[in-house]
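Given next are the chains, with one letter for each unit.
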Amino acid sequence: MTVIIIIAVVGLLIYFGTRKKSEQTFIDNRQSSNTSTASGQTNSTRQKFQSKISDLSFPDRIDAIVWHINAIDNGLANNDLDLANLSYAKLIESIRQQNVIENGNFEDHLQTIRKEYDEFRAYYGLEYPQQFLPPSQRQKTQSSSTITSNPKLTVTSNNSKLKTLLSELGSKGHAEYPLLRKEYAVTSGMPYSDFSGWVIEQLKAKDYNSLYAFVKEYYLGRDNDTYNEQELKKTFEKFLTKKFKALFRNIDEQAIFEIQAFFILKRGIGDFNREFWIAEDKEAELLCKILSVYSFEIVPNSFEPLIKKANNFLREMRKDVEFWKDYKNYKIEELQNEYKLETTNGLEKKLKQINVGERLHFFDFATVYSYRKFWNGDSSYKTRSFGINELDSVKKISELGIFDIVNDINAIPEISSKGELKETAEKAGFEIKKSWTMDKIFENLMKSEQGQAFLQEFVKDKNILAFKNEYRNDLAIIFKHQEKIKRTVDLITMM
C-alpha cells in the first residue's frame, strides 16, 4: 500500500509541476473566449478547455477515479460539458474520500484539482452540480422516485454503547482502530468481526445516535477533520430517510434491517459511486446471497427510478469501457411480482438464525460444495471485507445442525495447505520432496501405518465440518433462488 501511495503522490506532483507552465496560456485563452462569447460566439467554435487530469497516476484499485478521469476527457473531447461538469464533481468527491482513507496524503493535490474545476466552470459559465452542493445550498427539486422518504432525522454521537462494544472486543482488533482487523492495513477498512447483529439491534431500537457513533468510528477512524465529520453526519441522516420497505409489498421485516445493515457495513450509506455495486462479483452479489433465504413480493413501479439510474450508468460506462459492454439494460418486465422460496428441510430457516456476515461465511463453503465435502471455516476476502470472525462464526454455524463435525483424515487435502502439511510432516520425521503436490504428499503418507497415524494426529484438534446430505437439495434450491432475484437485488443497491 505504501508503494502505491508513493507512486500516486509522485504522479500528482509531476502533473501539478507541469501544469503551472500552461497556466498563463489558459488565462489568455480564457480572456479571449470571454470576449468572443460576449459577441455571440458559441462554446463549440472557440478553443476548448485543456485538462491534464488524465496524466494523473492513481492506484488501479480505485475504479471510480479512473472512470471519472476518462469521463472528463471524453466530455471535453466531445463538447459534452454536462458530462465533464458532473464528472469533475464526482472525481473531486472520489479523491476527497480517498484522501480520508490515506490520512490526508492528497490534501494539497485535492485543493489544486478543485481550483482547476473552478476554472473549468468559470471558463464555460457552468453551475456546480446541485447534488454535490451542501444541502443548505441545493435547490428544491421534484424527485422522480415513486418512493417518498421518511422524515429527516437529526443525530448526535452517543458513545456509550460503542464503548461497551469496544470493551468486549478488547485487544482483539487493531491497536489504534479496534473495529478493524490487526493483520490488515488500516487503509483496507477490514472489519474485525461481523457487526451486523449489533447494527441491526440499534436499527430495531431506533437508537440512531448510538449507531451514528459506530458509523463515525467505522468510516472515519481517528480522522478528526471537522468537514468530514459534518459531511458524514449529513450523509447518514439522509440514509435514514431511505424507505427500503416501500420497494416491497410483502417481506420479512428482518430482511429490511439486514439490507440497511449491509449498506452501512459496506460503506454505502451515500449515493456516490454505488452504481459500481452491480458489477460482476461485486457488492450486489453479496446482498443477493443475504436475501436468498427470504421469499418476498415487490412493488414493480417503485423500481422504475432505480432502473433508470442503473441504465443511465450502464449507457455511460459502455461508451469507453469494454468491461461493461456485455451488461444488458434492466427492464421492468423482467422483474417478478413474487419471489417464492420453498425448500424441503428448511435450510433457509436455519440460515436466518445467524447474522448476515455468518450467512455469507456459510456461502463461502456452499459456493464450492459441489467439489468439496469438508470445510474448516476458511473465508473469502469478500466476506472478510464485510466483517467476520471465523472462529466465532464457525461455532455458530456448526450449532445449526446442518454439518457433522468429523475427524476424517480424507478431509486433509481440502482443509489444509501444502505448506502446513509438508512442514508438519517433516518435523515428524517424514521425507517430503519439494516438488510434491498436496495430493502427492497425502498419498505417500497414506501408504504406511506410521503415515496414517500421523494424519490422524494432524486432524485431531481441527474443527472439520462435513455438510449433511439431507440439506444438499435445499441448497440447490437456494442457489436457483439467487439466480432469480439477482437482477432485482441489483436495483435495490441503486437506492
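Residues numbered from 1 in each chain as written. Predicted model: local features only at pLDDT ≥ 70, side-chain atom pairs only at ≥ 80, totals over all residues. Heavy atoms only, no water.

The subject of this paragraph is the packing of aromatic side chains. Applying the stated rule across the entire model yields 33 aromatic pairs. Taken together, a centroid distance of 5.3 Å and an interplanar angle of 65° make the contact between Phe365 and Phe403 edge-to-face. Of this pair, Phe365 sits in helix α14 (residues 356–366) while Phe403 sits in strand β5 (residues 403–406), and the two are 38 residues apart along the sequence. Each member of the pair, Phe365 together with Phe403, is buried. Each residue in the set Phe239, Phe244, Phe262, Phe263, Trp277 and Phe386 is aromatic and connected to the rest through ring pairs, giving one cluster. Looking at Arg267, its charged tip hangs above the ring of Tyr219, at a distance of 5.7 Å from the centre. (Phe/Tyr/Trp six-rings, centres within 6.5 Å; stacked < 30°, edge-to-face > 60°. Helix = DSSP H or I, 4+ residues; strand = E, 2+ residues; numbered from the N terminus. Buried < 20%, exposed > 50% of the residue type's maximum accessible area, 1.4 Å probe, protein only. Lys NZ or Arg CZ within 6 Å of the ring centre and 35° of its normal.)

Here we come to the pattern of salt bridges. Pairing of side chains with opposite charge becomes possible as their charged atoms draw close. Summed over the entire model, instances satisfying the criterion amount to 22 salt bridges. Note that Lys238 is salt-bridged to Asp271, the shortest N-O span being 3.4 Å. Remark: Asp271 occurs in the loop between α10 (253–265) and α11 (283–291) and Lys238 occurs in helix α9 (residues 226–239); sequence separation between them is 33 residues. We classify Lys238 as partly exposed; its relative accessible area is 41%. Residues Lys395 and Glu399 are paired through a salt bridge, measuring 2.9 Å at the closest nitrogen-oxygen approach. Each of the two residues, Lys395 as well as Glu399, counts as exposed. Here the salt bridges share partners, and the residues they tie into one network are Lys238, Lys242, Asp271 and Arg274. (Salt bridge = Lys/Arg side-chain N within 4 Å of Asp/Glu carboxyl O.)

Now for unusual backbone geometry. Backbone geometry at Arg267 places phi at a positive 55°, although glycine is not the residue there. Positionally, Arg267 belongs in the loop between α10 and α11. The phi angle at Asp281 is positive, at roughly 70°, despite the residue not being glycine. Within the secondary structure layout, Asp281 lies in the loop between α10 and α11. Note on Asp281: relative accessible area 47%, which makes it partly exposed.

The strand order β4-β6-β5 describes an open sheet built from three strands, whose pairing is antiparallel. In the strand order of this sheet, the two ends are held by β4 (374–375) and β5, each with one partner. (Pairing = 2+ DSSP bridges.)

This paragraph deals with helix α5 (residues 107–124). Owing to its 3.6 residues per turn, the α-helix aligns residues three or four sequence positions apart on the same side. Here α5 is 18 residues long and its end C-alpha atoms lie 26 Å apart, about the 26 Å a rise of 1.5 Å per residue gives. Considered for burial, the residues of α5 that qualify are His109, Leu110, Ile113, Glu116, Tyr117, Glu119, Phe120, Arg121, Tyr123 and Tyr124. One or two residues past the end of α5 sits Gly125, with phi positive at roughly 65°. (Expected span 1.5 Å × (residues − 1).)

It is worth spelling out the nonpolar core at this point. Ranked by internal contacts, the top residues of the largest apolar core, which has 96 residues, are Phe214, Leu351 and Phe362. If we skip the residues at most four places from it in the chain, Phe214 touches Leu162, Leu165, Leu179, Phe195, Trp198, Val199 and Leu265. (Core = buried A, V, L, I, M, F, W, Y, C linked by side-chain atoms within 4.5 Å. Contact = heavy atoms within 4.5 Å.)

The next thing to look at is the confidence of the model for the chain. Residue-level pLDDT values for the chain average 82, and 82% of them are 70 or greater. Contacts from residues 1–10, a stretch scored under 50 in pLDDT, to residues over four places away or in other chains number 13 contacts. Of the regions scoring below 50 in pLDDT, residues 134–145 engages in nine contacts with residues more than four places distant in sequence or in other chains. (pLDDT = per-residue confidence, 0-100.)

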